[in-house]
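Listed below, chain by chain, are the residues.
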Amino acid sequence: MAKKDFYELLGVAKGASADDLKKAYRKLAMQWHPDKNPGDKAAEQKFKDISEAYEILKDDQKRAAYDRFGHAAFEQGGGFRPGGGAGGAHDFGGAGFADIFDEMFGDFMGAGRRGGAQPGRGQDLRYNMDVSLEEAHKGLNTSVRVPSSVPCEACKGTGSAGGSAPATCQTCHGHGKVRATQGFFTIERPCPTCHGMGKVISDPCKPCQGSGRVRKEKTLSVNIPPGVEDGTRIRLAGEGEAGLRGAAAGDLYIFLSLKPHRFFQRDGANIYCRVPIPMTTAALGGQIEVPTIDGNRAKVTIPAGTQTGHQFRLKAKGMAILKSPARGDMFIQAMVETPVKLSKKQHELLKEFEKSGSDKDTSPESAGFFAKVKELWEDLKE
Ligand SMILES: [Zn+2]
Ligand SMILES: [Zn+2]
């Protein structure tokens, strides 16, 4: 059975504040507590579920991991797959998905896979950006405004008022970690008192309440290289939330989604465009002009006798390719348009055309097809 969404379990919105989470949890915990529902297995399970949800969501880092990866974030024994982004994930920051995974999980899985990730590291942020196909082709320099947190100026990010020195944490004696036994395993967790910092502040800075960071919207310039795809992820290292009391900042991830285009369909580096062509042009031949992704026009010669579905390739008129000077191709697909609303004269001309020759010559496809259909009917009669 699929696991229920943690936010749903607690009946809160995804962006719920820590306070709201706590309130929602307390209310539900009171309601479903086993002491209040003796012998009720369903209530007991419900209590376990909401407790689990709250355990995850009350922790900033676990919550960030859950928001990004869902329940997969906490499943053990592999099976982890980076979600979203249909194949088109490029990481310009150099770190792959495995790195992100380690960074986030090293902290609280206690495994110290990266030799002890820094305690109090700021959260990673996600910013969704829509780009047009033209922008994806050309690349884009733009700026984004991101609600984030920055180091507190009053205490220079230390969290300590007036610069008083922090004291050694009494819970973990300065180690920043506490040991807990779970079944057969003893695992280390970041100390809940000092959040893994090993130190506590006796006189917290007022503006930041001792966290060393304050909420602020920041403006960042973003460079989107030519050739990005739907789902491309751009990492701006260190541009996420400020860390706790001067710890390293998180990263900002820009997730790109491509807006649909009026005329063009993109398939990798190639662009497809269906172009209706008047029946006379298709029959007699001629030239058409089509728009291209770079804002120019391209002339396409339509040979006499062009059929619907025929593709014309315009070499190197497709999309820019990421980190390459090459370009994809553009494909024009002809759609021959049958004339409608004929005038009396036009009607007569077409009648005359019809009488003037044999279908066998001017429309070999249809003539051949109907000849075969006739054979089929003959065969069925016997
Ligand atoms: Zn401060
Ligand atoms: Zn501690």
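Caption draft 1: Broad picture of the coordination of the zinc ion (ligand 1). Within the protein, Cys 152 (SG), Cys 155 (SG), Cys 205 (SG) and Cys 208 (SG) serve as the donor atoms for the zinc ion (ligand 1), at 2.2 to 2.3 Å. Considering all 4 donor atoms around the zinc ion (ligand 1), angles at the metal cover 103 to 115° and the coordination shape is tetrahedral. For the zinc ion (ligand 1), all donor residues lie on one chain, and their spacing in sequence is C-x2-C-x49-C-x2-C. One end of the pair, Cys 155, is in the loop between β2 (140-151) and β3 (167-168); the other, Cys 205, is in the loop between β6 (199-200) and β7 (213-224), with 50 residues separating them in the sequence.

Caption draft 2: Representation of the sheet that holds strand β10 (residues 264-267) within the structure. Spatially, β10-β11-β15-β14 is the arrangement adopted by the 4 strands of the open sheet, whose pairing is mixed. Sheet topology places β10 and β14 (311-314) at the edges, where each strand pairs with a single neighbour. Neighbour-to-neighbour, the strand axes of the sheet open up by a mean angle of 30°, direction not taken into account. Bridging between β10 and strand β11 (residues 270-278) involves 4 bridges; their strand directions are antiparallel. What sits directly across from Gln 265, in β11, is Tyr 272.

Caption draft 3: Here's a closer look at the pairing of strand β15 (residues 330-337). Relative to β15, β11 is paired through 8 bridges, and the arrangement is parallel. Bridging across to β15, Pro 276 finds its partner in Met 335. Alignment of β14 against β15, held across 4 bridges, turns out to be antiparallel. Pairing of Gln 311 across the sheet is with Gln 333, part of β15.

Caption draft 4: Structural detail: the coordination of the zinc ion (ligand 2). For the zinc ion (ligand 2), the full set of protein donor atoms is Cys 169 (SG), Cys 172 (SG), Cys 191 (SG) and Cys 194 (SG), and the range of their distances to it is 2.2 to 2.3 Å. Bound by 4 donor atoms, the zinc ion (ligand 2) shows angles of 104 to 116° at the metal and therefore tetrahedral coordination geometry. Each donor residue of the zinc ion (ligand 2) belongs to the same chain, with the gaps between them written as C-x2-C-x18-C-x2-C.

Caption draft 5: Examining the sheet that holds strand β1 (residues 125-131) more closely. Spatial strand order, β1-β9-β8: 3 strands in an open sheet with mixed pairing. Since the sheet does not close on itself, it has two edges, and those belong to β1 and β8 (233-236), each with one partner. Averaged over neighbouring strand pairs, the angle between their axes works out to 25° when direction is ignored. When β8 meets strand β9 (residues 252-258), the two strands line up antiparallel, connected through 4 bridges.

Caption draft 6: Broad picture of the nonpolar core. Grouped together as the largest cluster of nonpolar side chains are 36 residues, with contacts concentrated most on Ile 224, Ile 254, Leu 256, Val 290, Val 300, Met 330 and Ile 332. Filtering out sequence-adjacent residues up to four positions away, Ile 332 remains in contact with Cys 273, Val 275, Val 290, Val 300, His 310, Gln 311, Phe 312 and Leu 314. Counting residues in each nonpolar core, the second largest holds 18 residues, with Ile 50, Ile 56, Leu 57 and Tyr 66 among its members.

Caption draft 7: Examining unusual backbone geometry more closely. Unlike most non-glycine residues, His 195 shows phi in positive territory, near 55°. Along the polypeptide, His 195 turns up in the loop between β5 (185-190) and β6.

Caption draft 8: Up close: the layout of surface pockets. The volume enclosed by the second largest pocket comes to roughly 980 Å³. Met 279, Ala 283, Leu 350, Phe 353 and Ser 363 are, among the 29 residues lining the second largest pocket, the residues nearest its centre. Counting only elements with at least two residues in the lining of the second largest pocket, the list comes to α7 (279-284), α8 (344-356), α9 (359-362) and α10 (364-381). With 6 residues, α8 is the largest single contributor of residues to the lining of the second largest pocket. When the residues that make up the lining of the second largest pocket are grouped by side-chain class, the tally is 12 nonpolar, 13 polar and 4 charged.

Caption draft 9: Region of the structure containing the environment of Gly 328. Along the chain, Gly 328 turns up in the loop between β14 and β15. The residues contacting Gly 328, other than those within four sequence positions of it, are Ala 269, Asn 270, Ala 316, Lys 317, Gly 318, Met 319 and Ile 321.

Criteria and cut-off values
Residues numbered from 1 in each chain as written. Chains lettered and ligands numbered in written order. Predicted model: local features only at pLDDT ≥ 70, side-chain atom pairs only at ≥ 80, totals over all residues. Heavy atoms only, no water. Donors = N, O, S within 2.8 Å, 3.2 Å for Na, K, Ca; no water. Tetrahedral: all angles 85-135°; square planar, octahedral: opposite > 155°, others 65-115°. Helix = DSSP H or I, 4+ residues; strand = E, 2+ residues; numbered from the N terminus. Pairing = 2+ DSSP bridges. Axes fitted to C-alpha atoms, helices over the stretch in contact; angles between N-to-C directions. Core = buried A, V, L, I, M, F, W, Y, C linked by side-chain atoms within 4.5 Å. Buried < 20%, exposed > 50% of the residue type's maximum accessible area, 1.4 Å probe, protein only. Contact = heavy atoms within 4.5 Å. 1 Å grid on protein atoms, 1.4 Å probe; cavity = no way out; pocket = protein on both sides within 12 Å on 5 of 7 lines; lining within 4 Å. Points joined across faces, edges and corners; volume = space filled by probe spheres on them. Nonpolar A, V, L, I, M, F, W, Y, C, P; charged D, E, K, R; others polar.

Honestly, it's all geometry; don't read function into it.
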